[in-house]
Amino acid sequence: MGPEGKSLLNIVILGFGFMFMFTAFQTCGNIEQTVLKSYNSSDFHGSGYTSMSIIYGVFSASNLIAPSVVAVIGPQLAMFFSGLFYSGYIAMFIHPLTWSFYTASVMVGIAAAVLWTAQGYLLTINSSDSTLGRNSGIFWSLLQFSMFFGNMYVYFAWHGKTHISDKDRQTVFISLTVISLVGSFLFFLIQKTEAEPMTSDPMTSETSESLLPSETLTESSAVVTAAPGVGSQALDAFKKALKLFVTKEMLLLSTSIAYTGLELTFYSGVYGTSIGAMTVFGDSAKSLIGLSGICIGIGEILGGGVFGMLNKCNRLGRNPVVLLGLITHFVAFFLIFLNIASDAPIAPEEGTHLQAFITPSVEVALLCSFLLGFGDSCFNTQLLSIVGYMFREDSAPAFAVFKFIQSIMAAVAFLYSNYLLLHWQLLILVVMGFLGTLTFFLAEWLAVMRHRDSDYDSI
């Protein structure tokens, strides 16, 4: 097998490894609040929302040390050990304890930063300028399929159940733990390859914007430079990130990035839990959590694929896509407001008997899941595109700021999801989505002006 074939095989193995791991982890995140509500133990006092808040908060801070860790132990071992922490977090649900639950949350936050940093490095060294877009698309597509398999399993395993028994919980999480471990061990099949130097920044490739769930992809260049003088390199990257954070362009984009963090929390945890709490949906309510996750995945894949392909031929700029994302989300939020009871996100284990403003409809609920995924892909593809364009000389620290803002806001959203009724959460999303779109338009205008100035200077 030639070098190019070996590199392509490595990308496929990398994608399958992440697909197995996140089939387990994303399914876990989607159902954990519902599972913990059903867990009948006087000694356990944990919250799935609080756990995810801890994970995202620690993940955000851990991006500062992740490049150094990968440089010291290598990307394969880094991903393997990170995968073990993911598996340990999932296995904890077999018999939850409060102390192990929150300890595992902290460890997964650290592991996530290391995992995605190593992934970005391996994608980079197995790609050239001409193959980065293709390889990014292959990896992203395989990763997105993780939204299907785990949620489909939950749908069939919990179909017709109104209460998740200990046996139901243990069966699901033993299966998810095994699936996650398979993904971790797949990383050892990745073969060593000679890094082919890239003549341009890896994140300026036009098709790399489609890496929706892996905003962390761009840490790769930080890893490459981290080997000599690990401490000083990490400190320099941190200083550069702080400088970029206060630039006019990044401050404008920060509102849009913050919105994607809030929306990530809503579609990946809060909305599925809300659907599962609607007793009016009958015995199928719990299994609808899995079906909702599948519809979100379809929206993500469709939106990311379409706008990833259109990126090369779109002469209208990024604004129309972001505006479409905002309209899609506003339609979804309005339908959710009409269809789902306001106390559903914080309802007890037996669910809520309240109704919203229309007769609750399963079809409308699943349509909203699709719209949430599609709208999310609109925002993320264009944000990754504009950040890569405006900060092409400093992509690693720029995307570190991107990840930091997004992760912090996701942590905040998971925290307030423990207390706020659904209509207040939707109001926050509407306000932030509107402001984020306006500031994105301003940032896009700056990008267009910069492009025109550079064209004028080259005359």
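Below, the structure is looked at part by part. (Residues numbered from 1 in each chain as written. Predicted model: local features only at pLDDT ≥ 70, side-chain atom pairs only at ≥ 80, totals over all residues. Heavy atoms only, no water.)

## Focus on the overall build of the chain
On a plain count of helices and strands, the chain comes out with 16 helices and 0 strands. Sorting the 459 residues of the chain into buried and exposed places 58% on the buried side. Counting only contacts in the chain whose residues sit at least 6 apart along the sequence, the fraction spanning at least 24 positions is 87%. Only carbon and sulfur atoms are counted for the fraction: they give 69% of the accessible area of the chain, which is about 18,100 Å². (Helix = DSSP H or I, 4+ residues; strand = E, 2+ residues; numbered from the N terminus. Buried < 20%, exposed > 50% of the residue type's maximum accessible area, 1.4 Å probe, protein only. Contact = heavy atoms within 4.5 Å. Areas by Shrake-Rupley, 256 points an atom, 1.4 Å probe, with all protein chains shown as cover.)

## Focus: the environment of Gly325
Looking at the element boundaries, Gly325 is found in helix α13 (residues 319-339). You can call Gly325 buried: its relative accessible area is 0%. Taking the C-alpha atoms as reference, Gly325 lies 6.8 Å from Asp376; in sequence the two are 51 residues apart. Not counting residues within four places of it along the chain, the set of residues in contact with Gly325 comprises Gly375, Cys378 and Phe379.

## Comments concerning helix α5 (residues 98-125)
Spanning 28 residues, α5 covers 41 Å between terminal C-alpha atoms, matching the ideal 40 Å at 1.5 Å per step. For α5, a buried count of 20 out of 28 residues is recorded, marking the element as mostly surrounded by other parts of the structure. (Expected span 1.5 Å × (residues − 1).)

## A look at the nonpolar core
With 111 residues, the main nonpolar core has Phe18, Tyr86, Tyr89 and Leu253 as its most contacted residues. Counting residues per element, this core draws most heavily on helix α11 (residues 248-276), which supplies 13 residues. Residue contributions to this core reach at least three from each of two domains, namely domain 1 (1-191) and domain 2 (244-451). Those residues in contact with Leu253, other than ones at most four positions away along the chain, are Leu383, Ile386, Val387, Met390, Phe391, Phe440 and Ala443. (Core = buried A, V, L, I, M, F, W, Y, C linked by side-chain atoms within 4.5 Å. Domains from an automatic or database assignment.)

## Structural notes on the packing of helix α1 (residues 3-38) against helix α8 (residues 166-186)
Relative orientation of the contacting elements α1 and α8 amounts to 155°, with a least axis distance of 8 Å. In this view, α1 runs roughly antiparallel relative to α8, as classed from their interaxial angle. Two packed elements cross with a definite hand, and for α1 against α8 that hand is left-handed. Along its contact with α1, which presents Ile13, Phe16, Gly17, Phe20, Met21, Thr23, Ala24, Thr27, Cys28, Ile31 and Val35, the element α8 presents Arg169, Val172, Phe173, Leu176, Ile179, Ser180, Val182, Gly183, Ser184 and Leu186. (Axes fitted to C-alpha atoms, helices over the stretch in contact; angles between N-to-C directions. Parallel < 35°, antiparallel > 145°, perpendicular 65-115°, else oblique. Left-handed = near helix turned anticlockwise from the far one by under 90°.)

## Observations regarding the packing of helix α4 (residues 75-91) against α5
At a minimum axis distance of 8 Å, the contact between α4 and α5 shows a crossing angle of 150°. As far as their axial angle goes, α5 and α4 are roughly antiparallel. Regarding α4 and α5, the two cross each other, and that crossing is left-handed.

## Considerations on the side chain of Arg318
Mapped onto the elements, Arg318 comes out in the loop between α12 (288-310) and α13. A relative accessible area of 14% places Arg318 in the buried class. A polar atom in the side chain of Arg318 sits 2.7 Å from the side chain of Glu444. (Polar contact = N/O pair within 3.5 Å; in protein donor to acceptor, adjacent residues only side chain to side chain.)

## A closer look at the environment of Ala447
Tracing the backbone shows Ala447 in helix α16 (residues 422-457). For the pair Ala447 and Glu249, spaced 198 residues apart in the sequence, the C-alpha separation amounts to 8.7 Å. The residues contacting Ala447, other than those within four sequence positions of it, are Arg318, Tyr389 and Met390.

## Re the environment of Gln382
With respect to the element layout, Gln382 can be found in helix α14 (residues 362-390). A sequence separation of 65 residues divides Gln382 from Gly317, and the C-alpha atoms of the two residues are 9.3 Å apart.

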